[in-house]
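Residues per chain, in single letters:
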Amino acid sequence: MDIVISINNAVKKFRQAVVLNNVSAEFERGKVHGLIGRNGSGKTMLMKCICGIVPLTSGSVSVDGKIIGKDTGILKNAGVIIETPGFLSGYSAYDNLKFLASINRKIGKDEIKAAIRSVGLDPDDKKHVGKYSLGMRQRLGLAQAIMENPDLLILDEPMNGLDKDGVKDMRQYLLDLKAQGKTILIASHSAEDIDVLCDTVCEMDKGVLSKIR
């Protein structure tokens, strides 16, 4: 079994509050892995710890054999949407992604425009992102996550704010990415999203992770 993400006895506490309670799990390469659970169950915190945005109190997370916070800092070579994507409101979609792409300098304008098109937006539209609907921002967030062609995607509620057609498009797009061999970890409130997309499903409840399938 080719494991991409390995979580070992992960604990996250804020003073007396235990947000992650001895979480252990393994996520295999090339599959879509679902995380379900109510708001406040610990799903988003687990994703933040996998990405290295928030350090664990104890335990470990490793991605591709590298321990986050020890062998590497914040997770690289991954596309991430956690909470509502933050963009510069006075700039267009293309200008926002161009600015973000300039950090790693891996891609140019062709790849940026292709990513924007692939999520159903127009890369030549000059409309400022501040005037976007929540669904359009979610689409742009996914474009940002995939524009550098990462092998791993970590997506927290990527369907949030999308209309019925948008959800259908996004599901198909994620299935296409899986067919390309990408590994996707997705948190969703929608049972239908999880049923359609996911090969494995885990549930978070009060910081405890249990495997459902």
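Residues numbered from 1 in each chain as written. Predicted model: local features only at pLDDT ≥ 70, side-chain atom pairs only at ≥ 80, totals over all residues. Heavy atoms only, no water.

*Asks:* What's the story with the nonpolar core in this structure? I'm lost.
*Replies:* Nonpolar side chains in soluble globular proteins tend to be buried together. Counting residues in hydrophobic clusters, the biggest one holds 36 residues, and the most contacted among them are Leu97, Ile116, Leu140, Leu142, Leu174 and Ile184. Excluding residues within four positions of it along the chain, isoleucine 184 makes contact with Lys31, Val32, His33, Leu153, Leu155, Leu174, Leu177 and Lys178. Among the nonpolar cores identified, the runner-up in size contains 28 residues, and Met45, Ala187, Cys202 and Leu209 belong to it. (Core = buried A, V, L, I, M, F, W, Y, C linked by side-chain atoms within 4.5 Å. Buried < 20%, exposed > 50% of the residue type's maximum accessible area, 1.4 Å probe, protein only. Contact = heavy atoms within 4.5 Å.)

*Asks:* How should the side chain of serine 41 be read in this particular structure?
*Replies:* If you trace the backbone, serine 41 turns up in the loop between strand S3 (32-36) and helix H1 (43-51). For serine 41, a relative accessible area of 5% puts it in the buried group. Separated by 2.8 Å, the side chain of serine 41 and the backbone oxygen of arginine 38 make a polar contact. (Helix = DSSP H or I, 4+ residues; strand = E, 2+ residues; numbered from the N terminus. Polar contact = N/O pair within 3.5 Å; in protein donor to acceptor, adjacent residues only side chain to side chain.)

*Asks:* What exactly am I supposed to notice about the packing of helix H2 (residues 93-104) against helix H3 (residues 109-118) here?
*Replies:* Angle between the axes and distance between the axes: these two values describe a pair of packed helices. Between H2 and H3, the least distance of the axes is 10 Å, while the angle of their chain directions is 130°. By the angle between their axes, H2 is oblique relative to H3. Where H2 crosses over H3, the two elements pack in a sense that is right-handed. Residues Ala93, Tyr94, Leu97, Lys98 and Ala101 of H2 form the contact with H3, whose participating residues are Lys109, Ile112, Lys113 and Ile116. Within the contact of H2 with H3, the residues separate by chemical class into six nonpolar, no polar and three charged. (Axes fitted to C-alpha atoms, helices over the stretch in contact; angles between N-to-C directions. Parallel < 35°, antiparallel > 145°, perpendicular 65-115°, else oblique. Left-handed = near helix turned anticlockwise from the far one by under 90°. Nonpolar A, V, L, I, M, F, W, Y, C, P; charged D, E, K, R; others polar.)

*Asks:* Can you walk me through the pattern of salt bridges in this structure?
*Replies:* Note on pairing: side chains with opposite charge can pair once their charged atoms come close. Within the structure shown, the criterion is met by nine salt bridges. One salt bridge connects lysine 31 with glutamate 28, and the closest N-O pair in it is separated by 3.2 Å. Residue class for lysine 31 comes out partly exposed when judged on its relative accessible area of 29%. A salt bridge links lysine 178 to aspartate 199; the nearest nitrogen and oxygen atoms lie 3.0 Å apart. Of this pair, lysine 178 sits in helix H5 (residues 164-179) while aspartate 199 sits in the loop between helix H6 (191-197) and strand S9 (200-205), and the two are 21 residues apart along the sequence. (Salt bridge = Lys/Arg side-chain N within 4 Å of Asp/Glu carboxyl O.)

*Asks:* Can you walk me through the sheet that holds strand S7 (residues 152-156) in this structure?
*Replies:* Two orientations exist for strands paired in a sheet by backbone hydrogen bonds: parallel and antiparallel. One open sheet accounts for six strands, arranged S6-S7-S8-S3-S9-S10; its pairing is mixed. Unpaired on one side and paired on the other, strand S6 (78-81) and strand S10 (208-211) mark the two borders of the sheet. Each adjacent strand pair in this sheet contributes to an overall mean axis angle of 15°, direction not counted. Packing of H1 onto the sheet brings it into contact with S3, S6, S7, strand S8 (183-187) and S9, and relative to S7 it is tilted by some 150°. Strands in contact with helix H4 (residues 134-146) are S6 and S7; relative to S6, the strand with the most contacts, it is inclined by about 160°. (Pairing = 2+ DSSP bridges.)

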